[in-house]
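In case you want the letters, here they are:
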Amino acid sequence: MASRKTTVPLLLVLLSLLLEFLIVKAVIIHPHDGYLDKACIEGERKALLEFKHGLEDPSGWLSSWVGADCCKWRGLDCNNQTRNVVKVDLRNRDYRYSKGLGGEISDSLLHLKYLSYLDLSSNGFQGIRIPNFLGSFERLRYLNLSNAEFGGTIPPHLGNLSQLRYLDLNGGYSYYSLTIGIYSLNWLSGLPLLKYLDLGNANLSKVTTNWMQPVNMLPSLLELHFLSCQLSDFSHYFDPNPFVNLTSLQVIDLSYNNFNTTLPGWLFNITTLRGLYLHNARIKGPIPYVNLQSLRTLITLDLSRNDIGSEGIELVNGLSICCNNSLEELYLGFNGLSGELPDSLGNFNNLRSLDLSYNSFDGPLPNSIQHVTNLESLDLSKNTISGSIPTEIGNLLWMKRLDLSFNLMNRTIPNSIGQLRELTELNLDWNSWEGVISEIHFSNLSKLEYFSLHLSPKTKKQPFRFHVRPEWIPPFNLKYIDISNCYVSPKFLSSNCLKTQKRLECIVLKNVGMLDTIPEWLWKLDLFRLDLSRNQLYGKLPNTISFSSNELVDLSFNRLTGRLPLWFNVAGLFLGNNLFSGPIPLNIGDSSSLEVLHVSSNLLNGSIPSSMSKLEGLMALDLSNNHLSGKIPKNWNDLHIPLAIDLSKNKFTGGIPSWMCSMYSVSWLKLSDNKLSGELSPSLQNCTRLYSLDLGNNRFSGEIPKWMGERMLSLRQLRLRGNMFTGDIPKRLCGLSDLHILDLALNNLSGTIPNCLGNLTDFTFMNLLAIGFYNDHDDNAHTVFSDHMELVVKGQDMEFGSILPIVNLIDFSGNNLWGEIPKGITNLSTLGTLNLSHNQLTGKIPQMIGTMQGLETLDLSCNRLSGLIPPSMSSITSLSHLNLSHNLLSGPIPLTNQFSTFNDPSIYEANLGLCGIPLSANCSTPNDQKHKDDHDGEEYEDGLYMTWFFISMGLGFPVGFWAVCGNLALNKSWRHAYFRFIDEAMDRLHVFIMVNMVRLKRKIERVGFHGWKEHGSALR
């Protein structure tokens, strides 16, 4: 911000103060007066020594404060006539490397009765309060306590400094500045001569009166700085009362506040205004309808990072009329402005800097821009501007910085860009340029230092070419070059174009088709970044190099061979996807500056050296997809801040060492596709910030711990597939509200699917947050760690990278789960993949499955599901992969929407009750179906009666048997009575039979045999 502000008002203030100070200080010195030999006032010298005694001075800044003449001490000035100390300037000018003075401020300074200038800024007083006695210096005109780490409340006693012209209490951005507060600004009324006021970063949110009212009582004020003061009310004090007393005000800075309102009209009534800064102040449109003629002296207007909207174009049009001769700096970036860039931009005769970045401007770049001939900086990045760069841009001979990155410009780059002789920075990133950029485009750019042509890798048309002759020597001497995703000559690294650039600090030549070895001269440059990734570079790297600074080196995705090098003073080393072989250097721990080590997808073997534990600053470690073996070392307790660890696709054995979660900061842990075994270590509970856990395809056993759902509340990705886990799916996993990937496939899990899975909220809201972390905040920043994971989607193994955060998947396939599919799972409206195949699930497919509108893959095959295919399933228009085979489903297959595209009969096979397209079995007519239903109903009833008959027999026998025999066995009297009854019954039966036999014999003898025979025939 400071670089943007106009310096004219500040210079006027300082010049005024200097003149007044010189008037006080100046005297006529005669040769015989002898004042130059006179020492300072003894009382003041003692007071200063007492002041020094209370201070902490680690840098020895006050070491010169010795001797009798304090006027010669560092930071002090005396009146040449009276020898009184009039100036104490202890500003820490080396604040970037030293905290400066600290301790206490002694009130002995009050002995400096003639003090008019006091500067203690940029020191480190660590939260002490601003002393009240500072309000007692009657002659003080200049007071600067900014960025000195003061805390507490600003004393209202400062209102007694009636001669004060300059007051700077800006707390800066230290921790202690957060404690600075003000409850009233009424004390400002005691400073009628004040010209400069800065209360930046003080908390004014509790000011009881209108914060602008006391400011309006300062008629001499030239500059007002209330930056980041937590103001939430943009004072409309003057709106009903148009009288503004600020007749001299030239600069207003109210940036970084929280007004959340429109601009008040009184701002446009200050006719002396030269600089208006409202950066990131939550200003909303529309711009009030005011007369902009009052702003005819405006030099700088900063309204960037607000929400002005389309009203901003009307503001530009209005300013182009009233401020066309005065305005030099216009910043409207990050405002949601839309529409085409107005032609009125060409009316600003003196405009030097124009920033319209991060808006939604479309259409072409207007030709009128050629008339802004004083333009030095033009930033139109992050819009949707299309078309070409006007050829007339070559008329902007004072242009120093041109940024057209991240637009839709799709024509050739005009040769006239080569006429911009003052150009130092040219950024053409992320457009769709056509044709060639060649030597003629750089013919006169002798001052060029920054050149970036980083194009999108997804362009489908003819690649853009950067074509220069190998022997061409450029007129410039670059510090930064980025050419990515376009073609250069295969031997570009060896060309004069690059070799002659002696000031290079950053080289990015990514995916440009180079086929070459890396020249030796390149390793001698003092670079902070070297990125030659995604080319076809070959050969071996130097074994040992010591860079001058913490460099980032990316040589991944090439064909480099040999042993892994050991380099020093490298912060990030990316050598993945090459052909490096052999073991990791045993003394890899000597590269103590390493923060990121990526050597995945090489041919490395052996074990992990124990010295790697010395890399105390390591944030990301990726050794995946090599041939490393042995156990993961257990002695890495000194590895303080690992954020990402990827050891997947190796041959590691043993368990998970406890150090991996000894520090809660680890966020990514990938150990998949190894030979790790045993139960999960309880130490994993300490990974409370774990974002992604991938242990797939190992030999882990035991139950899935319940503490995963209790302790790992940040978990978003959990992949445990391909192990030997047993037991139920813990219901505690339902507490992981951020979980969007849950892969438990190919284990030995049993039990039912928890119904509470429907409470996983991340499956009900679309998540567009890309996760990763970077070494910088710009758009071309190098990715320190890219999240990736292999998942089974649409029946295929697929690896997901940049889009992984928006992949929503549940995969429980290949287990022994039983029971019904829980109805709660239909709440997961954004779930993309659901795979429950190869289990023992029964029951019906939930009727409300149609509410899962995000579903793209559904695999329920190889279960025992029955019933109809729910009609609501046809409403899932995103469904593109379906497998219902090998179940007990019946009824017709739906024909509408997505089902009309499922023409493969194999997805329905082995469901004998299904009919309809694409199966060969036709569904019955309505009458046949009714007859079939009646017949099936009768069979169903018969089967039901038989079922109950056999159930009754099975239950009746044991109940009757034990009801009788049990009582007889337990009750002696009943047993005796029962057997007596049996004996008596048997005797009676025997007597009955014998008597009747005798009677029958006599009757036969009496009738005769033949008579009995005839009698028997008659009976028949």
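**Observations regarding the packing of aromatic side chains**
Under the defined criterion, the tally for this structure stands at 21 aromatic pairs. Aromatic pair W65 and W73: ring centres 5.4 Å apart, planes at 20°, arrangement stacked. As far as the burial class goes, W65 and W73 line up, both buried. Feature note: the residues F442, F451, F466, W472, F476 and F492 constitute an aromatic cluster, connected by ring pairs. The ring of Y117 has K87 lying over it, and the distance from NZ or CZ to the ring centre is 4.5 Å. Across from the ring centre of F334, 3.7 Å away, lies the NZ or CZ of R305, which sits over that ring.

**Some remarks on helix α4 (residues 311–322)**
Its twelve residues give α4 an end-to-end C-alpha distance of 17 Å, which sits within 8% of 16 Å, the value for a rise of 1.5 Å per residue. Packed against the buried residues of α4 are β12 (300–302), β13 (329–331), β14 (338–340) and β16 (360–363).

**Concerning the confidence of the model for the protein chain**
Mean pLDDT over the protein chain stands at 85; residues scoring 70 or higher make up 82%. In the model, residues 1–8 has pLDDT below 50 throughout and makes 22 contacts with residues more than four positions away in sequence or in other chains.

**A word on the state of the cysteines**
What makes a disulfide is a covalent bond joining the sulfur atoms belonging to two cysteines. Taken as a whole and assessed by the stated rule, the structure comprises four disulfides. Two residues share a disulfide in this structure: C915 and C923, whose sulfurs sit 2.0 Å from each other. In this structure the cystine formed by C915 and C923 twists about its S-S bond by roughly 100°; its chirality is therefore right-handed. The class for C923 is partly exposed, based on a relative accessible area of 35%. Among the cysteines around C322, which has no disulfide bond, C323 carries the closest sulfur, lying 3.3 Å off.

**Thoughts on the sheet that holds strand β20 (residues 408–409)**
One open sheet accounts for four strands, arranged β14-β16-β18-β20; its pairing is parallel. Looking at strand neighbours, the two that pair on one side only are β14 and β20, the edges of this open sheet. As judged from the two bridges shared by strand β18 (residues 384–387) and β20, these two strands associate in the parallel manner. Each bridged residue has a counterpart across the sheet, and for G387 the counterpart in β20 is M409.

**Some points on helix α2 (residues 42–53)**
Side chains of residues three or four places apart in an α-helix project in the same direction, reflecting 3.6 residues per turn. The end-to-end C-alpha distance of α2, which contains twelve residues, comes to 17 Å, matching closely the 16 Å that a straight helix rising 1.5 Å per residue would cover. Turning to α2, its buried residues are E44, R45, A47, L48 and F51. Take α2 and look down its axis: the buried residues cluster within an arc of 160°, on one side only. With respect to the buried face of α2, the exposed residues turned more than 90 degrees away are K46 and H53. Summarising the contacts, the buried residues of α2 are in contact with β1 (55–56), β2 (76–78) and β3 (85–89).

Rules and cut-offs
- Residues numbered from 1 in each chain as written.
- Predicted model: local features only at pLDDT ≥ 70, side-chain atom pairs only at ≥ 80, totals over all residues.
- Heavy atoms only, no water.
- Phe/Tyr/Trp six-rings, centres within 6.5 Å; stacked < 30°, edge-to-face > 60°.
- Buried < 20%, exposed > 50% of the residue type's maximum accessible area, 1.4 Å probe, protein only.
- Lys NZ or Arg CZ within 6 Å of the ring centre and 35° of its normal.
- Helix = DSSP H or I, 4+ residues; strand = E, 2+ residues; numbered from the N terminus.
- Expected span 1.5 Å × (residues − 1).
- Contact = heavy atoms within 4.5 Å.
- pLDDT = per-residue confidence, 0-100.
- Disulfide = S-S within 2.5 Å.
- Pairing = 2+ DSSP bridges.
- Arc of directions from axis to C-beta.

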